[in-house]
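Read off the chains here:
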Amino acid sequence: MENGKFVISLDFELLWGVFDKVHHKEKITYFKNTRQVIPKILQLFSEFEISCTWATVGMLFNSNWNEWESNRPQKLPAYMNSKLSAYNFGDSVKANGTEDLCFAPDLVRQIAETPGQELATHTYSHYYCSEKGQTVEAFQADLQKAITMAEAMGVELKSLVFPRNQLNPEYLKICKQLGIETVRSNPENWYWKETEDSSFLKKVFRTGDAYFGKRDKSYPYSALKQEPGRPMEQKASRLLRPYSENSFLNRLKVNRIKAEMKTAAMKKEIYHLWWHPHNFGENPEKNLEDLRQILTTYKQLNREFGFESVSMKELYDLQRQKQPEIV
């Protein structure tokens, strides 16, 4: 029987992931810290021999606003809520001083060149697949642009994470047709379903689950969903929430993750941890210390149980070897 697997995926977005929720002028230091913390995360991953999938918004591959303008897909998403459009937002902030919030080709290259790191896609424009007004054709144009941008950097995209976890089943065939082999799907808990619905009750349960409740977040290999003509779906287990100034809650959060990792290692199951690099934008050193604690536990479990760190692509490849008929 195969040993347990530890998967980490990061949603690398910078401002493209939150422009509809925050005012960019209030987040300059936040994203400056994010840019500085990413190399430190990579250093920790190297130190602890961690494989990681970096699901990266394709717009980050651009160097400046002129390049961004030249890389618009032929068909853009026509959200009924126009405030969700990355293109409308970009047009409104194109000015000196915003490039570091929106572009990061240097960091993208550093990730791609670091051993064990998989550069994946978070779509080109942080595309919302379940919002009213967007279409299959616009999604395909968006994903193709992300693939083209990565190819120009010498990277072949094989894994995808849907922005805001809006997994639209209708789009999985398009992903497969464009070469995407695996995607991250959502936990089966009711409060992670239909993520475009961010009701107060769902937010309460998602937050509370970080600290209390059953330790049921790992899952067996049989839970990996594979259907012909679609990418393999691998469920997220746990969102690593940012450092909390409440030391009691912060210890609960970290200890809960470590206990869930141990359960996965002992049961020979999969544990998939994810977060956004910008979650470390406040209290970056405290967040890095939390991560170090988690990775130290991983190394202990690796020695004791053979618990193994793999990227999303590596997990797919392992399953493909066992089930070669899935195409």
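Everything that follows concerns the structure shown earlier in this document.
Residues numbered from 1 in each chain as written. Predicted model: local features only at pLDDT ≥ 70, side-chain atom pairs only at ≥ 80, totals over all residues. Heavy atoms only, no water.

A. Examining the overall build of the protein chain more closely. Counting secondary structure elements, the protein chain contains 11 helices and nine strands. Counting across all 327 residues of the protein chain, residues that qualify as buried make up 56%. Across the protein chain, the fraction of contacts at a sequence separation of at least 24, relative to all contacts at a separation of at least 6, is 80%. (Helix = DSSP H or I, 4+ residues; strand = E, 2+ residues; numbered from the N terminus. Buried < 20%, exposed > 50% of the residue type's maximum accessible area, 1.4 Å probe, protein only. Contact = heavy atoms within 4.5 Å.)

B. Main features of the nonpolar core. Within the largest apolar cluster, 84 residues are counted, with the highest numbers of intra-cluster contacts made by Phe6, Ile8, Phe12, Trp16, Phe45, Trp54 and Trp275. In terms of residue count, the dominant contributor to this core is helix α1 (residues 28-47) (eight residues). Leaving out residues up to four positions away in the same chain, Trp54 has contacts with Leu10, Phe12, Ile38, Ile41, Leu42, Phe45, Ile111, Gln117, Glu118, Leu119, Ala120 and Pro277. Core analysis: the next-biggest nonpolar cluster, separate from the first, contains 12 residues, Met232, Ile270, Val310 and Tyr316 among them. (Core = buried A, V, L, I, M, F, W, Y, C linked by side-chain atoms within 4.5 Å.)

C. Expanded view of the packing of helix α9 (residues 247-267) against helix α10 (residues 284-305). The contact between α9 and α10 brings their axes to 10 Å, and the two run at 20°. One element, α9, and the other, α10, form an angle in the roughly parallel class. Crossing handedness for the pair α9 and α10: right-handed. The segment α9 lies against α10, with Asn250, Lys253, Val254, Ile257, Lys258, Met261, Lys262, Ala265 and Met266 engaging Asp290, Gln293, Ile294, Thr297, Tyr298, Leu301 and Phe305. (Axes fitted to C-alpha atoms, helices over the stretch in contact; angles between N-to-C directions. Parallel < 35°, antiparallel > 145°, perpendicular 65-115°, else oblique. Left-handed = near helix turned anticlockwise from the far one by under 90°.)

D. Quick look at the packing of α1 against helix α5 (residues 105-113). Direction vectors running N to C along α1 and α5 enclose 5°, while the axes themselves pass 11 Å from each other. In this view, α1 runs roughly parallel relative to α5, as classed from their interaxial angle. Between α1, through Arg35, Ile38, Pro39 and Leu42, and α5, the contact on the second element is made entirely by Asp106, Leu107, Gln110 and Ile111. A breakdown of the residues in the contact of α1 with α5 according to their chemical character gives five nonpolar, one polar and two charged. (Nonpolar A, V, L, I, M, F, W, Y, C, P; charged D, E, K, R; others polar.)

Keep in mind these numbers describe shape, not what the thing actually does.
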